[in-house]
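# Descriptive structure summary
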Amino acid sequence: MKPAPKTSGRPAPRQAVVSLEPKTITIPSVLTLKELAEKMGISGAELVKALIKKGQMIGINNEIPYSLAADIALNYNVIAEEQVEIDIFEDTFGEAPEDESLKIMRPPVVVVMGHVDHGKTSLLDAIRDAAVTKAEHGGITQHIGAYQTSINNKPITFLDTPGHEAFTAMRMRGAQVTDIAVLVVAADDGVMPQTIEAISHAKEAGVEIIVAINKIDKPSANPDRVKQELTEYGLVTEEWGGETICAPVSAKMREGIDHLLEMIILVAEMKELKANPDKRARGVIIEAHLDRGRGPVATVLVQEGTLEVGDHIVSGATYGRVRALIDATGKRVKKAGPSTPVEILGLPDVPGAGDMFYVAKDEKQARMVADTTYAKSRYEMNKNVQKVSLGDLFNQIQAGKVKELNVIIKADVQGSVEALRTSLEKLSNEQVKIKTILGNVGAVTESDVSLASASNAIIIGFNVRPEAAAKAMAEEQNVDIRMYRVIYSAIEDIEHAMKGLLDPVFEERVLGKAEIRQIFKASGIGNIGGSYILDGKFIRNASVRIIRDGIVVFEGGLESLRRFKDDVREVNAGYECGLVFHRFNDIKTGDIVEAFVMEEIKR
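Residues numbered from 1 in each chain as written. Predicted model: local features only at pLDDT ≥ 70, side-chain atom pairs only at ≥ 80, totals over all residues. Heavy atoms only, no water.

### Some points on the confidence of the model for the protein chain
This prediction gives the protein chain a mean pLDDT of 80; 82% of its residues lie at or above 70. Across residues 383-389 the pLDDT falls below 50, and counting only partners more than four positions away or on other chains, this stretch makes 27 contacts in the model. (pLDDT = per-residue confidence, 0-100. Contact = heavy atoms within 4.5 Å.)

Next up, the structure:
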């Protein structure tokens, strides 16, 4: 045993404390724990362990907000500063404050809002005096448009926005680009949930509200009750000492329309709406879709400047040259000034509805901005992807395996994409977040399936079909593709999957495909599609759908299946036949027809 070392009895000298300067890093508003560790220069595993010891259970790939990241960083003598998000568009196209003398009066932009069935579309019909009501699945106006009308030679621009709660986002978008909101309330029904919703959107956007009390021709109409109910939401009419203009109208009888338009002009004159027309244009995409003959078509509202044929425009990751401008009456025009809605032809892709558009000085600048936006959106899309499966979603949520459900949305028009995105994302709860990683117009393609496979997303199609190659690829890679004709069915399916309440489903089995090669007209029958069966077979009692450029234009039953002049039970591949569709005559040569049956699949 060694003797203990001798000590002098003096205390050991203190070691000098080295004062380390804190390290400063810049981080975005949201980032993963792994990204934070990399920024701080420490191991991700080490950071996770340290947090677990403090009772914070955060996974390496979990996203955390800036405030939490800054607190964690301080424990490691690191000061985290929030990264200022640079808006590439404002950075490129931002302008200094303008001289007021350069601005001129512009037409007011008006949005018509209101509860479903309160006569919003009928009022718009009455204003432009043309029937535009078109029945669609779900009984909802699903496409947004814009048009101009005038009274006493003073133009007014109207945005036609859907009036159902599934389209809240589109209505919000409408409110944010408008000056005046006409709130339609039925005189016999009063204030309803969507009326309240519309009031809140208009107020949030700082939009002047004019109330149109509709259906005053009905015996049960009670305008005073409507005015009384409106006071509960801060809308007090002028005759009751308030500032809200109320205009009694009957869209059906075409009464009070001129008075309503005069009130809109009066409010517009009081607001002194002005814009400078002598500069490069900027505005908002109201609607966008893919047209078979004309390619991508975007309805835009010019907010500032003047848009001209030949201008290079950029919106999101899309850029192109304006090939043609078409005004609200369908005429081609050379330019469009402030508050003017026009259709644009010439873009290579369908832009996003609700996105801003800007006119660039040349193609090089437009391409640079679009490429930067695309690269940024791809990075955001591919960040923090987690595995998920819809069929077993509830079990995975319960097991804590799923924190995020990735969705790819494909639809016939951009308005439907946005409506689905908003409605689905609203279903998010504390256990699982629904995230749309891609939403655009057109058929489901192989690249969509490839992205869904890589990110384990489900694909939701609305009024579109998957391409044959995409369908085969999806089956091979077990990608779940769900097709819908009614938006609420999609919302309901996701909601039920999250709650574990999915009923037995009916799976579609495609029997065959045919191409319409000739059209014959027959009195008393309508149009007969002279068709060639490409593969499979057609049977008399099958359901059919007609696909035109990847978009479903009809889904229903066969009225008759013919070989020469005889009705037959079935026709096989390689043979010609005549197809007559139940209550549908608008067939075209080149249309693809799919025959299918629905078979019940137990879960």
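There is more to say after this.
### A few points about the pairing of strand 29 (residues 543-548)
The buried fraction of strand 29 amounts to 5 of the 6 residues, a majority that puts the element mostly inside the structure. As defined by bridge partners, strand 29 adjoins strand 30 (residues 551-563) across 6 bridges and the pair is classed as antiparallel. Bridged to Val544 within strand 30 is Gly556. Where strand 29 folds back onto strand 30 in an antiparallel hairpin, the turn is made up of 2 residues, including Asp549, whose phi is positive at roughly 55°. (Buried < 20%, exposed > 50% of the residue type's maximum accessible area, 1.4 Å probe, protein only. Helix = DSSP H or I, 4+ residues; strand = E, 2+ residues; numbered from the N terminus. Pairing = 2+ DSSP bridges.)

### What to know about the packing of aromatic side chains
Evaluation of the coordinates by the stated rule reveals 2 aromatic pairs. Aromatic pair Phe554 and Phe581: ring centres 6.0 Å apart, planes at 65°, arrangement edge-to-face. Taken together, the residues span a long stretch of sequence, with Phe554 in strand 30 and Phe581 in strand 33 (residues 576-581) at a distance of 27 residues. With respect to class, Phe554 is no different from Phe581; both count as buried. Aromatic pair Phe554 and Phe584: ring centres 4.7 Å apart, planes at 20°, arrangement stacked. With Phe554 in strand 30 and Phe584 in the loop between strand 33 and strand 34 (592-601), the pair connects residues that are 30 residues apart, well separated along the chain. Here the two residues Phe554 and Phe584 agree in accessibility, since each one is buried. Through a chain of ring-to-ring contacts, three or more aromatic side chains come together here, namely Phe554, Phe581 and Phe584. (Phe/Tyr/Trp six-rings, centres within 6.5 Å; stacked < 30°, edge-to-face > 60°.)

### Points about the pattern of salt bridges
Counting across every chain of the model gives 23 salt bridges. The shortest N-O distance in the salt bridge between Asp179 and Arg106 comes to 2.9 Å. You can see Asp179 sitting in the loop between helix 6 (168-176) and strand 9 (180-186) and its partner Arg106 sitting in the loop between strand 5 (104-105) and strand 6 (109-114), a full 73 residues away along the chain. When its relative accessible area of 10% is taken as the criterion, Asp179 is described as buried. Across the pair Arg562 and Asp567 runs a salt bridge, and its minimum N-O distance is 3.5 Å. Overall, the relative accessible area of 22% leaves Arg562 in the partly exposed class. Look at Asp567 and you get partly exposed, because its relative accessible area is 47%. One continuous salt-bridge network, built from bridges that share partners, spans Arg465, Glu508, Arg545, Glu555 and Glu594. (Salt bridge = Lys/Arg side-chain N within 4 Å of Asp/Glu carboxyl O.)

### Notes on the side chain of Glu229
Turning to its location among the elements, Glu229 is positioned in helix 8 (residues 223-231). The exposure class assigned to Glu229 is buried, which follows from its relative accessible area of 18%. Of the polar contacts made by the side chain of Glu229, one reaches the backbone nitrogen of Val191; its length is 2.7 Å. Leave out the neighbours within four places in its chain, and Glu229 touches Gly190 and Val191. (Polar contact = N/O pair within 3.5 Å; in protein donor to acceptor, adjacent residues only side chain to side chain.)

### Quick word on the sheet that holds strand 22 (residues 356-360)
Adjacent strands of a sheet form backbone hydrogen bonds with each other and so pair up, either parallel or antiparallel. As summarised here, the arrangement of the 8 strands in space is 17-16-22-13-14-21-18-19, forming an open sheet in which the pairing is antiparallel. Each edge of the sheet is formed by a strand with only one pairing partner; in this case those strands are strand 17 (318-321) and strand 19 (332-333). Both strand 14 (residues 295-304) and strand 21 (residues 340-345) contribute to a ladder of 6 bridges, which runs antiparallel. Among the inter-strand pairings, Val297 is bridged to a residue of strand 21, identified as Leu345.

### Overview of the side chain of Thr149
With respect to the helices, strands and loops of the structure, Thr149 is situated in strand 7 (residues 145-151). With near-sequence residues (within four places) excluded, Thr149 lies in contact with Ile127, Lys154, Pro155, Ile156 and Phe158.

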